[in-house]
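# Commentary on secondary and tertiary structure
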Amino acid sequence: MTQDVQNAPDDVLRAVEATLFASTEPLTADQVALHLGFGEKGGEVRPALADLQRHYERRGIHLVERGGRWHFETAPDLAHLLRREKEDVRRLSRAATEVLAIVAYHEPVSRAEIEAIRGVQTAKGTLDVLMEAGWVRVAGRREVPGRPVIYATTPAFLDHFGLGSLKELPGIDELRAAGLLDPVDEDMIETALGSKNPRIPDNADSEDD
Amino acid sequence: MTQDVQNAPDDVLRAVEATLFASTEPLTADQVALHLGFGEKGGEVRPALADLQRHYERRGIHLVERGGRWHFETAPDLAHLLRREKEDVRRLSRAATEVLAIVAYHEPVSRAEIEAIRGVQTAKGTLDVLMEAGWVRVAGRREVPGRPVIYATTPAFLDHFGLGSLKELPGIDELRAAGLLDPVDEDMIETALGSKNPRIPDNADSEDD
Amino acid sequence: MASNPGLFDDWDGEDRQGAQADKLYLEIDGWEGPLDLLLDLARRQKVDLLRISILELVDAYLTYIEEAEALRLELAADYLVMAAWLAYLKSALLLPRDEQEDPSPEEMALRLQMRLQRLGAMREAAARLMGRDRLGRDVFERGAPEGLRVDRKSRWQVEWFDLVRAYGDVKIRSQPVVHMVRERMVMTLDTAIARVASMLGVAIDWMELRDFLPAAHGSWESPQLRRSALASSFVAALELARTGKAELAQDETYGPLRLRALKGTQT
């Protein structure tokens, strides 16, 4: 159909093509003609514009006319290529995992409560990450002085961990049985430190056995 | 010859075409592949790049590869039609053009070596101008006493001068064959013209044009 | 001295057209050093750089310098250094030599020629480079590219086990504090002093420190409590010795520590 144009585009066509490509803004046929020194009337470039439009209509870019002005743009069906979303899989940090666990076990819970349980200050960013991940949501405010925001888990959280409900999280006793809550109790300290245990009597250091 | 490509470009080809058209800077095959979600290796888009290059070679726009990066630009033979009156290409001083050529033909090269070839001190500003233009960069230090900074060209240099790689520098093969691109020897770096240079007679003999 | 304006290179940003032989000296600022001047003088010989006459070149250079000096133009030192070196080279080339010097004057001449060639090559290369079709002047990139944007999104990953263990860790971290306060059983120093003092009162002879400890049953089975009792009893023994109520004996380092009441102080 337009094969001769495609295979051996003439110089006018090539010049029009290059001009529109390099232009920083859409151009009228007259402007193209003027730019190329074909006089002030676009008559001479119009056939080229039509040919070009036909040539590009099945390609990745189209030559389009809007309000008498011509420009190249990405084919509409490929517009999604201009803005791609890229997903990076990232491991949750240790702090964020702890906060998530606390929310899951204690929900609804305020930030101050989370910090009290963790014994460490919790950066605002940590909760933001969990909310971005879709696992934690703001669940209102606690009706106490200061009306702190309280947080709870989302259905997506249950999905992610394959839980029917929060009740399926292992209880304290189970954690202990699994060795995950192994008390740092006195016996353990004893074992860990050997015969000496500097903590108990003030002057155990001087002990002589 | 490539009529099927021209008449019914496939999806990969269209996507590559659109991506390169839309990009504000040259892209490597790997970057195109990554952007299109074909993984990090450009293998899948290379045939499309080759097809596109062939398709465009007779058109008003060319697809060119410069230092492994691809971009579209207007056909060079249309320069007389497109050349911009107020060229924004900076006019370089004679010293700067000479230094640029020395960096390109000898890279990586130290300032002392540049000065040895030119037989004159090179103002610090001259290299600064070239670096500001984005054509020359610091390429580390030479591991010799004093650890002098060495300079090399940038991808933007290749883009600007329309070179696929440094191998395409005009006349580089002849210059190399004539020994004129041999490393600048120690003696030459000393400002004074003194002592011996055993290499010269050989080189001089072998050249006769 | 030859001077043909047509032989001047036309360089970006430099215009040497119109330079006349008699005005040559005025151009001193136009040369980028003595090598550049030499190259220009060499080109005036209108032959390939490989075939230039070094002697002719030396003469041309020296004449140039003399003229400049006659006009009291300030010449940079390196032009004079070059002149001196060229004068030496010329005499070496002309004078008969008895023995071979190293390097020979011919070698030095070739070396100079090589330097001129190198510089000439780069000058030519620069001109060819600048004459290429240049982006933004002769060829153009797309004027209004839409641009590619990549919105990065994170998909967070965490395993069930990590979650549960994190909770365990939090618990472990927070528990011991509470735990230890509640379960810490100790024999206080006061208790130990009272206990040791009263036991000493009824003892007849030396007793080993360990014998003062409560029998190991019930809560006294706890090793921690026994350790505490031992430590407190030891301090109690020292305290009683200090106040003159008891005396201590130990036969060897780490040997059993024995104590008994001091006579006359028994209550």
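Per chain, residues are indexed from 1 in the order of the written sequence. Chain labels run from A onward and ligand labels from 1 onward, assigned in the order the entries are written. Note on the predicted model: pLDDT of at least 70 is required for a residue's local features to be given, and 80 or more for side-chain atom pairs to be given and counted; whole-chain, interface and lining totals, by contrast, use all residues. Here the side-chain values reflect all heavy atoms present in the structure, with hydrogen atoms and water set aside.

## Quick word on the interface of chain A and chain B
Note on definitions: a residue-residue contact is assigned when non-hydrogen atoms from the two residues lie within 4.5 Å. Between chain A and chain B, the contact holds 32 residues from the first and 34 residues from the second. When the two sides are added together, the surface that chain A and chain B hide from each other amounts to roughly 2900 Å², 50% of it contributed by carbon and sulfur. When two parts are put together, the accessible area they lose, computed with a 1.4 Å probe and summed over both, is reported as buried area. Three residues, Arg14, Phe21 and Arg59 of chain A, lead the burial of chain A against chain B; their summed loss comes to 25% of the area buried on that side. For salt bridges, the criterion is a side-chain nitrogen of Lys or Arg within 4 Å of an Asp or Glu carboxyl oxygen. Remark: the boundary between chain A and chain B carries four salt bridges.

## Quick word on the packing of helix α6 (residues 94–106) of chain B against helix α8 (residues 124–132) of chain B
Residue and element names in this part refer to chain B. Between N-to-C directions, angles span 0 to 180 degrees; the directions come from axes that are lines fitted to C-alpha atoms, helices contributing only their stretch in contact. Elements are defined by DSSP. Helices are runs of H or I of four residues or more, strands are runs of E of two residues or more, and each kind is numbered from the N terminus. It is the contact of α6 with α8, at a shortest axis distance of 9 Å, that shows an interaxial angle of 70°. By the criterion of interaxial angle, the relationship of α6 to α8 is roughly perpendicular. Crossing handedness for the pair α6 and α8: right-handed. Residues Ala95, Ala96, Val99 and Leu100 of α6 touch α8, and the partners they reach there are Thr126, Leu127 and Leu130. Its residues placed into classes, the contact of α6 with α8 shows six nonpolar, one polar and no charged. Oblique is the label for any angle not covered by the other classes, which are roughly parallel (under 35 degrees), roughly antiparallel (over 145) and roughly perpendicular (65 to 115). Each crossing is labelled by how the near helix is turned from the far one, with a counterclockwise turn of less than a right angle marking it left-handed and a clockwise turn marking it right-handed. Throughout, the ten residues Ala, Val, Leu, Ile, Met, Phe, Trp, Tyr, Cys and Pro are labelled nonpolar, Asp, Glu, Lys and Arg are labelled charged, and all others, Gly among them, are labelled polar.

## Let's talk about the pattern of salt bridges
According to the stated counting rule, one finds 35 salt bridges over all chains in the structure shown. The shortest N-O distance in the salt bridge between Glu17 of chain A and Arg59 of chain B comes to 2.7 Å. A residue pair is termed interchain when its members come from two chains, as with Glu17 of chain A in helix α2 (residues 11–22) and Arg59 of chain B in the loop between α4 (46–56) and β2 (61–66). By relative accessible area, which is 0% here, Glu17 of chain A ends up buried. Linked by salt bridges that have partners in common, Arg94, Glu98 and Arg118 of chain B together with Glu32, Asp36 and Arg123 of chain C make up one network. Relative accessibility under 20% of the residue-type maximum defines a buried residue, over 50% an exposed one, and the middle range a partly exposed one, all with a 1.4 Å probe and only protein chains included.

## Quick notes on the nonpolar core
The tendency in soluble globular proteins is for nonpolar side chains to be buried as a group. To qualify as a nonpolar core, a set must consist of buried Ala, Val, Leu, Ile, Met, Phe, Trp, Tyr and Cys residues joined through side-chain atoms within 4.5 Å. Among the nonpolar cores identified, the biggest contains 48 residues, and Val16 and Leu20 of chain A together with Val16 and Leu20 of chain B are the most heavily contacted of them. If one sorts the elements of this core by residue count, α2 of chain A sits on top with seven residues. Not counting residues up to four positions away in its chain, the partners in contact with Leu20 of chain B are Leu27, Val32, Leu49, Leu63, Trp70 and Phe72 of chain B.

## Brief notes about helix α7 (residues 111–118) of chain B
Among the eight residues that make up α7 of chain B, six are buried, leaving the element largely enclosed by the rest of the structure. Those residues of α7 of chain B that sit buried are Glu113, Ile114, Glu115, Ala116, Ile117 and Arg118 of chain B.

## Notes on the environment of Arg83 of chain B
Here Arg83 of chain B lies in the loop between α5 (79–82) and α6. We classify Arg83 of chain B as partly exposed; its relative accessible area is 40%. Sequence-distant contacts of Arg83 of chain B, that is, excluding residues within four places in its chain, are made with Arg137, Asp138 and Phe140 of chain C.

## Description of the packing of aromatic side chains
Only centres within 6.5 Å qualify two rings of Phe, Tyr or Trp (six-membered ring in Trp) as a pair; their planes then separate them into stacked at under 30 degrees, edge-to-face at over 60, and tilted for everything else. Across all of its chains, the model carries 10 aromatic pairs over all chains by this definition. Seen from their ring centres, Phe21 of chain A and Phe21 of chain B are 5.4 Å apart, and the 85° between their planes marks the pair as edge-to-face. You can see Phe21 of chain A sitting in helix α2 and its partner Phe21 of chain B sitting in helix α2 (residues 11–22), one on each of two chains. Across this residue pair, the class does not change: Phe21 of chain A and Phe21 of chain B are buried. Note on Tyr56 of chain A and Phe72 of chain A: the rings are 4.9 Å apart at their centroids and 75° apart in plane angle, and the pair reads as edge-to-face. Here Phe72 of chain A lies in strand β3 (residues 69–74) and Tyr56 of chain A lies in helix α4 (residues 46–56), a separation of 16 residues in the sequence. Across the pair, Phe72 of chain A and Tyr56 of chain A agree in class, each one buried.

## Digging into the environment of Val139 of chain C
If you trace the backbone, Val139 of chain C turns up in the loop between α4 (105–130) and β1 (149–157). Look at Val139 of chain C and you get buried, because its relative accessible area is 3%.

## What about the confidence of the model for chain A?
Residues and elements named next belong to chain A. Residue-level confidence of the predictor is summarised by pLDDT, bounded by 0 at the bottom and 100 at the top. Chain-level statistics for chain A give a pLDDT mean of 80 and a share of 82% at 70 or above. Within the model, the stretch residues 1–6 combines pLDDT values under 50 with 12 contacts to residues more than four positions away or in other chains. Counting contacts from residues 183–209, a segment whose pLDDT is below 50, to residues more than four positions away or on other chains yields 45 contacts.

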